[in-house]
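Structural characterization, general
Here are the chains, one letter per residue:
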Amino acid sequence: MKDYNYQLNDIVEMKKPHPCAARSKLFQIVRVGADLKIKCLGCGNVITISRDIFNQKYKCVKKD
């Protein structure tokens, strides 16, 4: 099993861009639990996504 190392307020890059005008692949993790809330850094929309689906769709954690 793969070890996932993301935490609250991390900036993550997803495999596919958000379908907003900015087409941003970068999201900030707003809430962590059984499901995650992520905020698009392009348009500011907050999306709720289950942890299993998030683990399949995220690419990497961006380091500042």
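A short tour of the structure in this document, coming up. Here the structure is a predicted model, which means the values were calculated and not measured. Each chain has its residues counted from 1, running along the sequence as written. Owing to the predicted nature of the model, reporting of local features is limited to residues with pLDDT of at least 70; listing and counting of side-chain atom pairs is limited to 80 or more, with chain, interface and lining totals taken over all residues. The basis for the side-chain values is all heavy atoms of the structure; hydrogens and waters are excluded.

Let's shift gears to the side chain of N55. With respect to the secondary-structure elements, N55 resides in helix α1 (residues 51-57). In the analysis that follows, any N or O atom pair within 3.5 Å is treated as a polar contact, provided that within protein one partner can donate a hydrogen and the other can accept it, and provided that, for residues neighboring in sequence, both atoms belong to side chains. In terms of polar contacts, N55 uses its side chain to reach the side chain of Y6, at 2.6 Å. The contact criterion used throughout is that any non-hydrogen atoms of two residues lie within 4.5 Å. Leave out the neighbours within four places in its chain, and N55 touches Y4 and Y6. Strands are runs of DSSP state E lasting at least two residues, helices are runs of H or I lasting at least four, and both sets are numbered from the N terminus onward.

This next bit is on the layout of surface pockets. Here a cavity denotes a set of grid points, spaced 1 Å apart and computed over the protein atoms alone, in which a 1.4 Å probe fits but from which it cannot get out, and a pocket denotes an open set meeting protein on both sides within 12 Å along at least five of seven lines; residues with an atom within 4 Å of a point are reported as lining. Grid points are joined across faces, edges and corners, and a volume is the space filled by probe spheres set on the points. Its boundaries defined by the atoms lining it, the largest pocket holds a volume of some 220 Å³. When contributions to the lining of the largest pocket are tallied by element, the ones reaching two or more residues are β4 (46-50) and α1.

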